[in-house]
Amino acid sequence: MTGASLNAARRAAELEALAADELVDLVVVGGGITGAGVALDAASRGLSVALLERRDLAHGTSRWSSKLVHGGLRYLEHREFGLAWESARERALLMRTIAPHLVRPLPFVTPLDRGMPASKAAKTQIGLRIGDGLRIGARTPRRVLPPARRISALEARRLAPALAEAGLRGALLSWDGQLEDDARLVVAVARTAAAHGARILTYAGVTGVRDDGVDAVDALTGAAFSVRARRVILATGVWAGELSPSVELRPSRGSHLLVPAGRLGDPRAAVNVPVPGERGRWVFALPRTDGLVAIGLTDVAADGPVPEVPCPSAEEEATLLEHASAALEVCLGPEDVAGRYAGLRPLLAGDHAATADLSRRHAVVEEAATGALTVVGGKLTTYRAMAQDAVDRITERSCRTHRLPLVGAAGAAAGASPTGRGAPRAGASGAGAAPPRLVRRFGAEAAAVAELGSTEPLAPAVPMCEAELRWAAAHELALTPEDLADRRTRAGLVPEWREAVLAAAHGTMPGSSSDPSPPATSTTSTS
Ligand SMILES: Cc1cc2nc3c(=O)[nH]c(=O)nc-3n(C[C@H](O)[C@H](O)[C@H](O)COP(=O)(O)OP(=O)(O)OC[C@H]3O[C@@H](n4cnc5c(N)ncnc54)[C@H](O)[C@@H]3O)c2cc1C
C-alpha cells in the first residue's frame, strides 16, 4: 500500500486507532474540497490530522460545480477586485503546479450579436482586459492561457458551430481553466493529504463537537466513537449551521443541463451569453471531454432544509433551455437533455435581496464554546487559500501547498497548453500508453490504472472502464457501488451510464457482496 492509497482496509485500521483514544493535532469535519484542502494543508505542515466525512468524498456541493478554475472575471463586475486577484493567483497555481493534469485551458466565445449592444460589448472588453492584467500579474503565461481578443463571426462559428449566424458581428475570445472533474480534484487532494499522513475516514459522521475533539458515528456499522484532538476545523459547506451555530448561510441553487455535444455541432469552445436584464449573470454552454455540453447556470435562493442531493426545478430547466437557444441556431428542448444536476452554494448571509449579489468570499469563524473553527464560503478554485487561512489560525508552521503537486500531477506541469488541451498526453511521465480518458482523469497514474483491468469502454455508449473501477476501490476509498458511479467515475450524470457502472461495480469491488452497505442515498439528480 503506498502512502496515497486509500481503501477499506486502511480506513478500518485508522478508525480503530483513532477510536482507541489516539490524540491528533487536528480533526477536519467534511470531505468536500474545503475539508480535503484543510487536511492537506495541515498534514503537509507536519500536523497529525484525521478527516471525518459522513458520506463519501465529494458527496456535497464539490461535485456539482461548473468545473471551472476561473480567474474571477465575474467578481470584477461586482467590483470585488481582491476576490478576482485571489482567483487568478490560485488558478495559476492549479494550472502550473498543483493539478496541471486535471485543469486544461478552455476557450470562451462571447458572441457580439443582437443580445450584446455596443455599450455592453465595450464593458465586457474592458473586463477581459483587466482579467488579462490579473493573469499576467499571477504569472500565467500566454502559452497556458492566451490573452483575450476579438474574433470574426466566421472564426466564432468555427469554434462553436451552433452559434446563430443572423446578427453575429463577431465575438470576444477569452480563456479560462476547466477541470476534468471536480470530484476527481477532491479525491486527488484527499489522497495527497493521506500521502502526508492524514487519516481520511469516509462514512464517519460527526454528531457533536467538544473542546477536546468530536463525537462521531461509523455509518457502515452504526458504532459511535470519539476522536480526541487538539483542534477541530469544520468544513461542512451548506450543512455548516448543523455544527456551527454562529455561521449564518443563505444557500443558493445553481443548476446545469447536459446535452450531447453533437446536438451543438461538437463545439471546441464554450459559449457565454448575458442573461437579458440581469447584471453580471451569464448563461454558458461548456464542452466537456465526455461528449456532453454543460449548460448553466442558475442562481436561485434555496431557503429551508438542505437536501442531500438537490435537483434543478422544471422552471430552471426551461429558463436554461430558453436562454441558451436564444444565442444558438438550434432550438433546444427537454428531449435534448441527457442529464441534469444542481448544487447549493454555501454563501454567507448578507443584507442583499438576491443570492446572485452575495459575495463568494470565504470566512473562518471561531465558535466561542468549543474553540472549533468553521471555514465556509469561497470557491473550488480558491480552496487552497481557504485552507491556508484556516490552518494559519492553529499553527505558526509555514504553509507548503502552493508548491505541492497533487498525486497524478508528476510530469504534467508543462502539459497545460491551449493546443494540447492541458492534460499530459499518453506517453508523458507515468501516463504510459494509457487511453486518453485515463490520462485525462489520472495523469501520471494512468498507466498504473490501466494495469488493473480492461480499459475498453463498459459498453459502446458508456465511456467508463473496468480498470478505473478497480483502481477506485483499491486506491481511492470507493466503498460502495454508488461511490464508483456517482463520485469516482461520474457515470451518475447520465442515467444509462450509471446503470452500466452499478452493474459492473459488483464484480470489481473486493468483497462487495459481503460488505455491509451504508445507508441508501439517492446520489444522482439525473432522471
Ligand atoms: C452550481 C455551482 C457551480 C459552481 N461552480 C464553480 C466553479 O465552476 N468553480 C469554482 O471554483 N467554484 C464553483 N462553485 C463553488 C464550489 O463548488 C463550492 O464553493 C465548493 O464545492 C464548496 O466545497 P465545500 O467543501 O465547502 O462543501 P461541500 O462540497 O458541500 O462539502 C461539505 C462536506 O461536509 C460533509 N458533512 C456535512 N456535515 C457533516 C458531518 N456532521 N460530519 C461529517 N461530514 C459532514 C458533507 O457530506 C460534504 O461532503 C460552484 C457551486 C455551485 C453550487
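Everything quoted here is computed from the prediction, not taken from an experiment. (Residues numbered from 1 in each chain as written. Predicted model: local features only at pLDDT ≥ 70, side-chain atom pairs only at ≥ 80, totals over all residues. Heavy atoms only, no water.)

Asker: Describe the nonpolar core, naming the residues involved and giving the relevant values.
Answerer: Membership of the largest hydrophobic core comes to 88 residues, with the highest contact counts inside it found for L185 and I200. Leave out the neighbours within four places in its chain, and L185 touches I33, L94, A99, L102, L179, L380, Y383 and L406. (Core = buried A, V, L, I, M, F, W, Y, C linked by side-chain atoms within 4.5 Å. Buried < 20%, exposed > 50% of the residue type's maximum accessible area, 1.4 Å probe, protein only. Contact = heavy atoms within 4.5 Å.)

Asker: Which residues make up the pattern of salt bridges, and what values go with them?
Answerer: This model, assessed by the stated rule, comprises 42 salt bridges. A salt bridge links E180 to R441; its shortest N-O distance comes to 3.5 Å. Separated by 261 residues along the polypeptide, E180 in the loop between β6 (170-179) and α7 (182-195) and R441 in helix α11 (residues 436-442) bring together distant segments of the chain. What makes E180 buried here is its relative accessible area of 9%. The partner of E445 in a salt bridge is R191, and the shortest N-O contact between them spans 2.9 Å. Separated by 254 residues along the polypeptide, E445 in the loop between α11 and α12 (446-450) and R191 in helix α7 bring together distant segments of the chain. Take E445 and R191: they sit in the same class, and that class is buried. (Salt bridge = Lys/Arg side-chain N within 4 Å of Asp/Glu carboxyl O. Helix = DSSP H or I, 4+ residues; strand = E, 2+ residues; numbered from the N terminus.)

Asker: Hey, could you go over helix α15 (residues 495-508) for me, with residue numbers and the actual values?
Answerer: Relative to the 20 Å expected for 14 residues at 1.5 Å per residue, α15 spans 20 Å between its end C-alpha atoms, a close match to the ideal helical length. Its buried side turned inward, α15 meets β14 (292-296), β19 (457-459), β20 (462-465), α13 (466-475) and α14 (481-488). (Expected span 1.5 Å × (residues − 1).)

Asker: Before we move on, can you summarise the site of the ligand with the specific residues and values?
Answerer: Neighbouring residues of the ligand: 37 residues in total, closest T34, E53, S62, L68 and T381. At 2.7 Å, a side-chain N or O of E53 approaches an oxygen atom of the ligand. Protein burial of the ligand: of its 1,000 Å² of free accessible surface, 98% is covered by the chains. Elements represented by at least two residues in the shell around the ligand include exactly α2 (33-44), β8 (204-210), β11 (252-260) and β16 (339-345). Considered class by class, the residues forming the shell around the ligand number 13 nonpolar, 19 polar and five charged. (Near = heavy atom within 4 Å. Polar contact = N/O pair within 3.5 Å; in protein donor to acceptor, adjacent residues only side chain to side chain. Areas by Shrake-Rupley, 256 points an atom, 1.4 Å probe, with all protein chains shown as cover. Nonpolar A, V, L, I, M, F, W, Y, C, P; charged D, E, K, R; others polar.)

Asker: Break down the side chain of E445 for me, with residues and values.
Answerer: E445 sits in the buried class, given a relative accessible area of 17%. Only 2.9 Å separates the side chain of E445 from the side chain of R191, close enough to count as a polar contact.

Asker: If you had to explain unusual backbone geometry to someone new, which residues and values would you point to?
Answerer: Looking along the chain, the bond that leaves G296 and enters L297 is cis, with omega of 20°. Even without a glycine there, the phi angle at D266 is positive, about 50°. Note on placement: D266 falls in the loop between β11 and β12 (270-274). Note on D266: relative accessible area 52%, which makes it exposed.

Asker: Any chance you could break down the side chain of H323 for me, citing the residues and the numbers?
Answerer: Residue placement: H323 occurs in helix α9 (residues 314-326). Exposure remark for H323: the relative accessible area of 19% places this residue in the buried category. Once you skip the residues sitting within four places of it in the chain, H323 turns out to touch V273, V275, P276 and V283.

Asker: Before we move on, could you go through the pairing of strand β2 (residues 49-52) and cite the residues and values that matter?
Answerer: Residues V49 and L51 of β2 are buried on one face, and the alternating residues A50 and L52, pointing to the opposite face, are buried as well. Of the pairings in the sheet, the one linking strand β1 (residues 23-29) to β2 comprises four bridges and is parallel in character. In the strand pairing of β2, L26 is matched with V49. At this point the chain moves from β1, through α2, to the parallel β2, and the crossover so formed is right-handed. Across three bridges, β2 lies against strand β7 (residues 199-201) in parallel orientation. Directly across from L51, in β7, lies its bridge partner I200. (Pairing = 2+ DSSP bridges. Right-handed = clockwise from strand over helix to strand, strands pointing away.)

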